[in-house]
Amino acid sequence: MMLDRREVVSVDVDAPAAIVWAHLRDPDLIARWFGWDSDTLDAEIRQIFRGAVHEHEEHADGVATRTLELGHHDRIVVTTRDDTPRRSHVALTRRSHAGLVPFDGVFDEIDEGWTQFLQQLAFALDVHLGQDRVTLSAHGLDAGDRSDPLLFRAGLHGVRGLPVGAHVEVVRPDGSRLGGTLRYRTEHQVGIHVHGIAESLLVLVMRPAAAHPPHGTIDATLSTYGLDDEVLAEARRRWAGWWGAPQRAAVL
């Protein structure tokens, strides 16, 4: 039986289809948006984007569509209209959850991963086209109980209630301030366009307690571009302090 397909995430990008497509096929360009810096990133890119993949292209009624089918039948579809050739729509579709064992009914790791990554793709193309990326990340952080939530300690407790496009102002644990704009929000994620010396993207992925008892967990990824060594070193120092005392998590 053929399972239904569902759209997991879609983004509009201010870039022609050829540029978007290059960022889906060239490993060096994929590294500017996919995942985060790690010892395994290059291998993951090769496995996902250079393995058993299939490409399809069609054009009809003034609309051009290029499709990249990845493993497990995940598909990235890039669509452009002839009348707006410098703007593209990128969507990720997957099979229905029906009969898929890995999904626990609460939190789908693969869905959330693709949601984050396509948002990072859109940010890289909209804001930092042509620039390499360095990420800072903190994964698997204990979200804390109601009396001491991690996001409150990090100054980010209010972001989940803000509308997309709203201004975000954060007072960090060291007393410094951070300003930005809420770029996107989903049930389990928020993405903040951080303003300042370098325009960066902060993504928070929040796993609920039902999926990761007892409190749930938080992953934080900051995509930075164009920072020199001195500024990057200071950013790393502040990033580690932002998330408080060491936890059982990877803080890079």
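Conventions and cut-offs
Residues numbered from 1 in each chain as written. Predicted model: local features only at pLDDT ≥ 70, side-chain atom pairs only at ≥ 80, totals over all residues. Heavy atoms only, no water. Helix = DSSP H or I, 4+ residues; strand = E, 2+ residues; numbered from the N terminus. Rg over C-alpha atoms; globule rule 2.2 N^0.38 Å. Buried < 20%, exposed > 50% of the residue type's maximum accessible area, 1.4 Å probe, protein only. Contact = heavy atoms within 4.5 Å. Lys, Arg positive; Asp, Glu negative; His and termini not counted. Charge placed at Lys NZ, Arg CZ, Asp CG, Glu CD. 1 Å grid on protein atoms, 1.4 Å probe; cavity = no way out; pocket = protein on both sides within 12 Å on 5 of 7 lines; lining within 4 Å. Points joined across faces, edges and corners; volume = space filled by probe spheres on them. Nonpolar A, V, L, I, M, F, W, Y, C, P; charged D, E, K, R; others polar. Core = buried A, V, L, I, M, F, W, Y, C linked by side-chain atoms within 4.5 Å. Pairing = 2+ DSSP bridges. Axes fitted to C-alpha atoms, helices over the stretch in contact; angles between N-to-C directions. Polar contact = N/O pair within 3.5 Å; in protein donor to acceptor, adjacent residues only side chain to side chain. Salt bridge = Lys/Arg side-chain N within 4 Å of Asp/Glu carboxyl O.

Now for the overall build of the protein. On a plain count of helices and strands, the protein comes out with six helices and 12 strands. For a compact globule of 252 residues, the expected C-alpha radius of gyration is about 18 Å, and the protein comes in at 19 Å, within 12% of that figure. Taking the principal axes of the C-alpha coordinates as reference, the protein spans close to 55 × 45 × 35 Å. Burial statistics for the protein: of 252 residues in total, 45% are counted as buried. Long-range pairs, those at least 24 residues apart, make up 57% of the contacts in the protein between residues at least 6 apart in sequence. Side chains of the protein give 26 positive and 37 negative charges; the mean places of these two sets differ by 2 Å.

Its boundaries defined by the atoms lining it, the largest pocket holds a volume of some 660 Å³. Lining the largest pocket are 29 residues, with Phe 34, Ile 48, Ile 110, Trp 114 and Phe 117 positioned closest to its centre. At the level of secondary structure, the elements contributing two or more residues to the lining of the largest pocket comprise α3 (41-49), α4 (109-127), β10 (200-207) and β11 (217-225). Broken down by element, the lining of the largest pocket gets its largest block of residues, seven residues, from α4. Class assignment for the residues of the lining of the largest pocket results in 11 nonpolar, 11 polar and seven charged. Taken as a whole, the second largest pocket spans an internal volume of roughly 470 Å³. In terms of lining, the second largest pocket is formed by 20 residues, of which the most central are Arg 172, Val 194, Ile 197, Ala 235 and Arg 238. Of all the elements in the fold, those that place two or more residues in the lining of the second largest pocket are β8 (177-185), β11 and α6 (229-242). Looking at the lining of the second largest pocket, the element that brings in the most residues is α6, giving six residues. When its residues are assigned to classes, the lining of the second largest pocket shows 11 nonpolar, five polar and four charged.

Judged by nonpolar contacts, the single largest core of 36 residues is most densely connected at Leu 24, Trp 33, Phe 34, Phe 49, Val 90 and Trp 114. Sorting the residues of this core by element identifies β1 (5-13), α1 (17-25), α3, β4 (75-81), β5 (84-95), α4 and β10 as the ones contributing at least two each. Considering every element that reaches this core, the biggest residue donor is α4, with eight residues. Discounting residues that sit within four places of it in the chain, Phe 49 has contacts with Leu 24, Arg 25, Ile 30, Trp 33, Phe 34, Leu 68, Leu 70, Ile 76 and Trp 114.

Here we come to the sheet that holds strand β2 (residues 54-60). Within a sheet, each strand pairs with its neighbour through backbone hydrogen bonds, oriented either parallel or antiparallel. Read from one edge of the open sheet, five strands run β1-β5-β4-β3-β2, paired in antiparallel fashion. Each edge of the open sheet is held by one strand with a lone partner, namely β1 and β2. Within this sheet the neighbouring strands show an average axis-to-axis angle of 20 degrees, counted without direction. Of the strand pairs in this sheet, β2 and strand β3 (residues 63-69) are connected by seven bridges, and their pairing is antiparallel. Looking across to β3, one finds that His 54 is bridged to Glu 69.

As for its position among the elements, Arg 94 is in strand β5. With 87 residues separating them along the chain, Arg 94 and Glu 7 place their C-alpha atoms 6.5 Å apart. The contacts of Arg 94, once residues within four sequence positions are left out, are Asp 4, Arg 5, Arg 6, Val 8, Asp 74, Asp 108, Ile 110, Asp 111 and Trp 114. Among the polar contacts listed, one links the side chain of Arg 94 to the side chain of Asp 108, at a separation of 3.4 Å.

In this structure the tally under the stated criterion is 18 salt bridges. The partner of Asp 126 in a salt bridge is Arg 183, and the shortest N-O contact between them spans 2.9 Å. Taken together, the residues Asp 126 in helix α4 and Arg 183 in strand β8 connect sequence positions 57 residues apart. With relative accessibility at 23%, the residue Arg 183 sits in the partly exposed group. As a salt-bridge pair, Glu 234 and Arg 237 come within 2.7 Å of each other at their nearest N and O atoms. Taken together, the positions of Glu 234 and Arg 237, both in helix α6 and three residues apart, correspond to about one turn of that helix. Glu 234 gets classed as partly exposed once you look at its relative accessible area, which sits at 31%. Residue Arg 237 is classed as exposed on the basis of its relative accessible area, which comes to 51%. Here the salt bridges do not stand alone but share partners, grouping Arg 6, Asp 74, Arg 94, Asp 108 and Asp 111 into one network.

Shape is all these values report; function is a separate question.
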